[in-house]
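Chains, contacts and geometry: an overview
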Amino acid sequence: MLEAPHSIAETTLPRHVAIIMDGNGRWAKARHLPRAAGHREGAEAVRRTVTASRELGIEFLTIYAFSSENWKRPDEEVSDLMGLLRVYLQREIKELDKQGIRLRIIGDKTQLSADICKLIDDGERKTTDNSDMVLTIAINYGGQAELAMAMRCIAEGVKEGKINPDDIDEEFISKHLYTRDIPDPDLVIRTSGEQRLSNFLLWQAAYSELMFVDDYWPDFDKQKLVSALNAFAERDRRFGARKE
Ligand code: IPE
Ligand code: IPE
Ligand code: MG
């Protein structure tokens with residue numbers, strides 16, 4: 001049953017919600033529209049979900065916008081997605097700032113165009129002091145690539161004698177990931193009915209609650225987020241420990 005948003009007890013509200021925004025293409029196909037129309041509506045769902053998350057008191061929202069494997073799509077679609085990202089950053093940073101939201105981007109920026117990198121840098125800088133919510137957008141992000149990057153960096157440190165292999169534990173590895181400043185996600189939601197992580201936050205999702213919803217991403221809204229939060233509140237998290 002759907003409860004009013006304010007009725008979600010603070011103690012059961014996830015601190016960090018991560019979303020695999022999937023199903024834009026199928027949303028468009030069901031309406032006999034081009035895939036680009038699905039991605040455009042997907043950007044609207046991002047706006048709604050960001051605002052709703054902040055209103056509901058979520059501290060960290062992380063959204064998967066473009067995976068390191070999405071370059072395999074046709075050039076036209078990649079270019080549509082990058083175009084939408086550009087427009088999103090151009091239009092929304094002011095609004096994020098107004099809502100007290102801090103913007104962070106995770107992923108490999110070296111393959112992004114110079115103007116998108118500049119928009120990212122400006123957006124991150126402009127919102128750096130905001131504390132109402134941290135919005136992290138994963139762009140050209142892959143969990144395996146992230147771990148490989150961290151391992152290369154640690155191996156360099158060992159080679160130079162700056163890192164002692166005995167110091168490499170879980171926390172040390174976490175500190176070498178893009179997500180070093182944010183807690184692990186409590187809840188990972190994937191839309192569109194697919195039940196896989198597709199290389200998203202592989203390390204960080206070790207103990208996340210996973211939730212797969214059938215709605216296509218462009219149909220996602222505050223009410224659907226509230227339903228997911230209510231379902232999360234019913235989950236029994238154990239982290240490997242024995243229940244009392
Ligand atoms: C999600 O929708 C957007 C991205 C992956 C960038 P899709 O484009 O994957 O839509 P489907 O899965 O083909 O329906
Ligand atoms: C995952 O969706 C990536 C993003 C949402 C950005 P995909 O549509 O790319 O995943 P697969 O190919 O179905 O696993
Ligand atoms: Mg997909």
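As shown above, the structure is provided for reference.
All figures in this text were calculated on a predicted structure; none of them were measured in a lab.

1. Structural notes on the packing of aromatic side chains
Following the criterion strictly, the structure yields seven aromatic pairs and no others. With a centroid separation of 4.3 Å and an interplanar angle of 15°, the aromatic rings of Y64 and F200 are classed as stacked. Taken together, the residues Y64 in strand 2 (residues 60–67) and F200 in the loop between strand 5 (187–190) and strand 6 (209–212) connect sequence positions 136 residues apart. Residue Y64 is classed as buried on the basis of its relative accessible area, which comes to 6%. Given a relative accessible area of 1%, F200 falls into the buried group. Considering the side-chain rings of Y207 and F239, the 5.5 Å spacing of their centres and the 45° angle between planes classify their relative orientation as tilted. Separated by 32 residues along the polypeptide, Y207 in the loop between strand 5 and strand 6 and F239 in the segment after helix 7 (222–234) bring together distant segments of the chain. One aromatic cluster is present, formed by Y64, Y141, Y178 and F200 through successive ring pairs.

2. So, the site of ligand 2
The environment of ligand 2 is made up of I20, M21, D22, Y64, A65, F66, S67, N70, R73, R190, R196 and S198. Taking N70, its side chain carries an N or O atom lying 2.9 Å from an oxygen atom of ligand 2. Between ligand 2 and the protein, one listed contact pairs an oxygen atom with a side-chain N or O atom of R190 at 3.3 Å. Calculation on ligand 2 without its partners gives an accessible area of 390 Å², and the protein chains cover 77% of this total. At a threshold of 2 Å from the grid points, most atoms of ligand 2 map onto the largest pocket. Here the shell around ligand 2 gets four residues from one element, more than from any other, and that element is strand 2. The residue makeup of the shell around ligand 2, split by class, is five nonpolar, three polar and four charged.

3. Quick look at the sheet that holds strand 6
With respect to topology, six strands assemble into an open sheet ordered 3-4-2-1-5-6, the strand pairing being parallel. Of all strands in the sheet, those with a lone pairing partner are strand 3 (101–106) and strand 6, marking the two edges. This sheet shows a mean twist of 20° between the axes of neighbouring strands, independent of strand direction. One ladder, built from five bridges, connects strand 1 (residues 16–20) with strand 2; its direction is parallel. Bridge assignment links A18 to a residue of strand 2, and that residue is T62.

4. Section: empty space enclosed by the protein
Tallied over the entire structure, the rule returns one cavity of 30 Å³ or more. Of the volumes computed, that of the largest cavity is approximately 40 Å³. Taken together, R104, I106, T136, Y178, T179, R180, D181 and I182 make up the full set of residues lining the largest cavity. Here the residues of the lining of the largest cavity sort into three nonpolar, two polar and three charged.

5. Some points on the packing of helix 3 (residues 75–98) against helix 4 (residues 114–126)
Orientation of helix 3 relative to helix 4, taken along the N-to-C sense of each, is 15°, at an axis distance of 10 Å. By the criterion of interaxial angle, the relationship of helix 3 to helix 4 is roughly parallel. For the element pair helix 3 and helix 4, the recorded crossing hand is left-handed. Contact residues: helix 3 offers M82, L85, R86, L89, Q90, I93 and D97, while helix 4 offers D115, I116, L119, I120, G123 and K126. A breakdown of the residues in the contact of helix 3 with helix 4 according to their chemical character gives seven nonpolar, two polar and four charged.

Conventions we followed
- Residues numbered from 1 in each chain as written.
- Chains lettered and ligands numbered in written order.
- Predicted model: local features only at pLDDT ≥ 70, side-chain atom pairs only at ≥ 80, totals over all residues.
- Heavy atoms only, no water.
- Phe/Tyr/Trp six-rings, centres within 6.5 Å; stacked < 30°, edge-to-face > 60°.
- Helix = DSSP H or I, 4+ residues; strand = E, 2+ residues; numbered from the N terminus.
- Buried < 20%, exposed > 50% of the residue type's maximum accessible area, 1.4 Å probe, protein only.
- Near = heavy atom within 4 Å.
- Polar contact = N/O pair within 3.5 Å; in protein donor to acceptor, adjacent residues only side chain to side chain.
- Areas by Shrake-Rupley, 256 points an atom, 1.4 Å probe, with all protein chains shown as cover.
- 1 Å grid on protein atoms, 1.4 Å probe; cavity = no way out; pocket = protein on both sides within 12 Å on 5 of 7 lines; lining within 4 Å.
- Sits in = over half its atoms within 2 Å of the grid points.
- Nonpolar A, V, L, I, M, F, W, Y, C, P; charged D, E, K, R; others polar.
- Pairing = 2+ DSSP bridges.
- Axes fitted to C-alpha atoms, helices over the stretch in contact; angles between N-to-C directions.
- Points joined across faces, edges and corners; volume = space filled by probe spheres on them.
- Parallel < 35°, antiparallel > 145°, perpendicular 65-115°, else oblique.
- Left-handed = near helix turned anticlockwise from the far one by under 90°.
- Contact = heavy atoms within 4.5 Å.

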